[in-house]
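# Breakdown of the fold
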Amino acid sequence: LGDFEITALSDGTAPLPVEKLLTGTTQAKTEAALAKSYLKPGFETSVNAYLINTGSKLVLIDTGAGVLFGPTLAKLIPNLKASGYTPEQVDEIYITHMHGDHVGNLVANGKIVFPNATIRAAKAEADYWLSADNLAKAPDAMKDFFKGAQASVNPYVTAGKTKWFDGETDLIPGIHASPAPGHTPGHTIYTVTSKDQKLVLWGDLIHVAAVQFADPSITIQFDSDAKRAAVERKKAFADAAKNGYFVAFAHVSFPGLGQLRAEGAGYRWIPVNFGGNGGVVTAPAKK
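Report follows, based on the coordinates. Keep in mind that this is a model prediction, so the values were computed, not measured.

Counting secondary structure elements, the protein contains 9 helices and 17 strands. Compactness check: the protein gives a C-alpha radius of gyration of 18 Å against a globular reference of 19 Å for 287 residues, within 12% of the reference. Taking the principal axes of its C-alpha atoms as reference, the protein extends roughly 55 × 50 × 35 Å. The proportion of buried residues among the 287 residues of the protein is 51%. Residue pairs in contact within the protein that sit at least 24 positions apart in sequence constitute 69% of those at least 6 positions apart. For the protein, the exposed surface amounts to about 12,800 Å²; the carbon and sulfur share of it is 53%. Each charge class in the protein can be summarised by its mean position, and for the 27 positive and 27 negative side chains these summaries are 1 Å apart.

Spelled out as structure tokens, the structure:
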């Protein structure tokens, strides 16, 4: 991406009963949409993260689920090492939101995995998920979400390795944070630019590609504010289709990188062609 190197990292996959989780539609419609993509209910969903090497900084966007979501995950650290990097090299970690499948690899057995990294996230997100009062008041079905976030992030808080931001924020040259609340109170998207190229990392603006690209009004039970989440998704999709830049998602089939094109009332997902663009990548000096 211009002078930057982007590495998609898989934390693995896990089954997701989307036919029961999607809202604003029916189970029959969901299953019909899945069938068009040759998918059956309970299919495996990807859990992706992205490493950005600017040449001077190594930045990780989200960290996957680790052990928080079952035995088929926790592959991010081995894949990070397979790509030629180590956890100790990561300078900063930007979190789209603090659901467990985005922060789970921050710790292992209670110990910090990225000892030299500073964790960055929206203040609204930290205030919500790291609150002991919010955990105590949460319904039983949500308590594990709070526990996962606190177990993963609080060791960095204690070590003085967190730095929250509020609103539109330039984090380092080439990476900008923008609020996109709805899925969670402080859900954030990150825009990466180098030279004339642009990549926007959308976190959980979408969960089920086979359904929500065609109809972005469809939401999911994980959304804290479904109406706002749909608004943010529609806005982001329209801008990406209009301007043609690259986008990346945590839960679109690995590597989750591509572009959008408007198609009827919805959008068509066009995965990135990795055939090579003949460019010279200068970023790996960070290695």
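Past the structure itself, the notes keep going.
Take the sheet that holds strand β10 (residues 169–172) next. The strands making up a sheet associate through backbone hydrogen bonding, with each pair oriented either parallel or antiparallel. Here we have 7 strands laid out as an open sheet, ordered β10-β11-β12-β13-β15-β16-β17, and mixed in their pairing. In this open sheet, the two edge strands, each paired with only one partner strand, are β10 and β17 (266–271). Pairs of neighbouring strands in the sheet enclose a mean axial angle of 35°, with direction left out of account. Pairing between strand β12 (residues 188–194) and strand β13 (residues 197–201): 5 bridges, direction antiparallel. In the sheet register, Thr-191 faces β13, and the bridge partner there is Val-200. Contacts from helix α9 (residues 226–243) reach β11 (175–179), β15 (246–248), β16 (257–263) and β17 within the one sheet, and its direction differs from that of β16 by about 95°.

Turning our eyes to something else, we now look at unusual backbone geometry. Here Phe-254 and Pro-255 are connected by a cis peptide whose omega angle stands at 10°. The residue Pro-255 is located in the loop between β15 and β16 in this model. Look at Lys-195: it is not a glycine, yet its phi comes out positive at around 55°. By the element assignment, Lys-195 lies in the loop between β12 and β13. Classification of Lys-195 by relative accessible area gives exposed; the value is 67%.

Strand order in the open sheet formed by 6 strands is β1-β3-β4-β5-β8-β9, and the pairing between neighbours is mixed. Single-partner strands in this sheet number two, and they are β1 (5–15) and β9 (162–165). When strand polarity is set aside, the average angle formed by the axes of neighbouring strands in this sheet is 20°. Sheet topology places strand β3 (residues 44–53) next to strand β4 (residues 58–61); 4 bridges connect them, and they run antiparallel. Residue Ile-52 lies in a different strand from β4, and its bridge partner there is Val-59.

Turning our attention to the side chain of Ser-46. Within the secondary structure layout, Ser-46 lies in strand β3. Looking at Ser-46, its side chain comes within polar contact range of the main-chain nitrogen of Phe-254, at 3.0 Å. Leave out the neighbours within four places in its chain, and Ser-46 touches Gly-12, Thr-13, Ala-250, His-251, Val-252, Ser-253 and Phe-254.

Take the nonpolar core next. Within the largest apolar cluster, 30 residues are counted, with the highest numbers of intra-cluster contacts made by Leu-51, Leu-60, Val-90, Ile-93, Met-98, Leu-106 and Phe-114. When residues of this core are traced back to their parent elements, those giving at least two are β3, β4, α3 (76–82), β8 (118–122), α5 (123–129) and α7 (140–158). Element by element, the count of residues in this core is highest for α7, at 4 residues. Excluding anything up to four places from it in sequence, Leu-60 contacts Leu-9, Ala-49, Tyr-50, Leu-51, Leu-76, Val-90, Glu-92, Ile-93, Tyr-94 and Phe-114. In this structure, Ile-52, Ile-172, Ile-175 and Leu-201 belong to the second largest nonpolar core, which totals 20 residues.

Each value, and the rule that gives it
Residues numbered from 1 in each chain as written. Predicted model: local features only at pLDDT ≥ 70, side-chain atom pairs only at ≥ 80, totals over all residues. Heavy atoms only, no water. Helix = DSSP H or I, 4+ residues; strand = E, 2+ residues; numbered from the N terminus. Rg over C-alpha atoms; globule rule 2.2 N^0.38 Å. Buried < 20%, exposed > 50% of the residue type's maximum accessible area, 1.4 Å probe, protein only. Contact = heavy atoms within 4.5 Å. Areas by Shrake-Rupley, 256 points an atom, 1.4 Å probe, with all protein chains shown as cover. Lys, Arg positive; Asp, Glu negative; His and termini not counted. Charge placed at Lys NZ, Arg CZ, Asp CG, Glu CD. Pairing = 2+ DSSP bridges. Axes fitted to C-alpha atoms, helices over the stretch in contact; angles between N-to-C directions. Polar contact = N/O pair within 3.5 Å; in protein donor to acceptor, adjacent residues only side chain to side chain. Core = buried A, V, L, I, M, F, W, Y, C linked by side-chain atoms within 4.5 Å.

Geometric descriptors of this kind do not, in isolation, establish any biological role.
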